[in-house]
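# Observations on the model geometry
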Amino acid sequence: MVAQFDSALTGEQLAFLHRMDSVTGEVVKVLTDRASLGDASFLDGRETFWRQQALGPLNLASPGPALADRFIFHVGFAGSTLLARLLQRPSQVLVLKEPQCLADIAGQRELIAAGKAVAPLGTLLDHALGEMAQAGDDDVALVVKPTNWVNSLLPDLCVPFRVRHAVFVTMERRAFLRACFRGGHDRLAFCTRLASQLAPVVPQGNAMLRAAIAAGEEPLARVARIVALLHWLQEWLFAEALARNGWPDSAVIDFDEIVADPASAVRRAQQHLALPELPCDPGQAALLMTRHTKDPSSRFQPDGRADEDRLIDEHHGATFDHALAWLDSATVGTR
């Protein structure tokens, strides 16, 4: 039995793998099309990018010889969605932004490692990458920009011949702290959960996370240490993936470059992702800079953001200083 829709696929319609439960062996596929996939800022269920859903069993038979093998990894809140939108071209380049099926695998990583899933992690990853590859074809180059929750899978995703092309979007560590605190309680809670997911896959990560929690009682100081450590953990995973695959340091793209020189960031990303080197449209870049990239219907005001950041520094600057000093001490002797 397979996931069934009300009618057969026609024209531009696609059966896209949306959810994947590796323990129960069930999947949710959705009926959609490339335009809907490309328009969505999130393919994780926050937006309805489908016309129908169908629940069915997880069939690990290969959907085809190709895997989705171009990836944009990121630390979060660092312009990766903006870069994805700048790279996307109708009928030429499709970027899947934060597909839930990979987040589902990351969320069940420990159960999979404990042998409680229907297949080993590598098999499950290849299945998801094969399913996502069906959204591209010979004329449409496919790129995947997963949520940074998926960074816990980097040691298994970024093995030679699985992910062949990648860029890594990051930002200066203090700017990351500022961005996380700007997001308020919900964002800080997400960062804390993510740090607990990433720490076990980095050598000494669990010990450093325990130290970040135990180093003091003041709640905001503790959160700042965890957020600073989260940035370090993600950059450690990026560096390990770069080294393992022989990718150059130029595959790391900083948030400041994306904002200051989007054309340069796009060119570099196109080269590292083996995409057609299509010129960045200055008008499109200028328009995207005035919109919230995750909600293009909302205006973005750079001056307002700068004012927000100044206020955050006024309120939390000393807390950030102490967190960064703690991190420097905690990571002495690590790569």
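Fair warning: this is a prediction, and the values are worked out from it, not measured in the lab. (Residues numbered from 1 in each chain as written. Predicted model: local features only at pLDDT ≥ 70, side-chain atom pairs only at ≥ 80, totals over all residues. Heavy atoms only, no water.)

## Describing the overall build of the protein
- Helices and strands together make up the secondary structure of the protein, namely 14 helices and 10 strands.
- At 20 Å, the protein has a C-alpha radius of gyration in line with the 20 Å of a compact globule built from 335 residues.
- Relative to its full complement of 335 residues, the protein shows a buried share of 53%.
- Across the protein, every contact between residues at least 6 apart in sequence was considered, and the portion connecting residues at least 24 apart equals 76%.
- As displayed, the protein offers around 14,900 Å² of accessible surface, 52% of which is attributable to carbon and sulfur atoms.
- A gap of 2 Å separates the mean positions of the 32 positive and 40 negative side-chain charges of the protein. (Helix = DSSP H or I, 4+ residues; strand = E, 2+ residues; numbered from the N terminus. Rg over C-alpha atoms; globule rule 2.2 N^0.38 Å. Buried < 20%, exposed > 50% of the residue type's maximum accessible area, 1.4 Å probe, protein only. Contact = heavy atoms within 4.5 Å. Areas by Shrake-Rupley, 256 points an atom, 1.4 Å probe, with all protein chains shown as cover. Lys, Arg positive; Asp, Glu negative; His and termini not counted. Charge placed at Lys NZ, Arg CZ, Asp CG, Glu CD.)

## Topic: helix α5 (residues 121-133)
- Along its 13 residues, α5 runs 18 Å from first to last C-alpha, staying within 8% of the 18 Å computed at 1.5 Å per residue.
- Counting buried residues along α5, 10 of its 13 residues qualify, which places the element largely inside the surrounding structure. (Expected span 1.5 Å × (residues − 1).)

## Side note on the environment of Glu98
- On the secondary structure map, Glu98 appears in the loop between β5 (93-97) and α3 (100-107).
- Taking C-alpha positions, Glu98 is 14 Å from Ser36, a pair spaced 62 residues apart along the chain.

## Some words on helix α10 (residues 219-245)
- With 27 residues, α10 extends 39 Å from end C-alpha to end C-alpha; this agrees with the ideal 39 Å at 1.5 Å per step.
- Of all 27 residues in α10, 19 are buried, a share of seventy percent or more.
- Measuring from the backbone nitrogen of Leu220 back to the side-chain oxygen at the start of α10 gives 3.2 Å, which picks out Glu218 as the cap.
- Gly246, located one to two residues past α10, shows a positive phi value of around 70 degrees. (Polar contact = N/O pair within 3.5 Å; in protein donor to acceptor, adjacent residues only side chain to side chain.)

Structural measurements only, silent on function.
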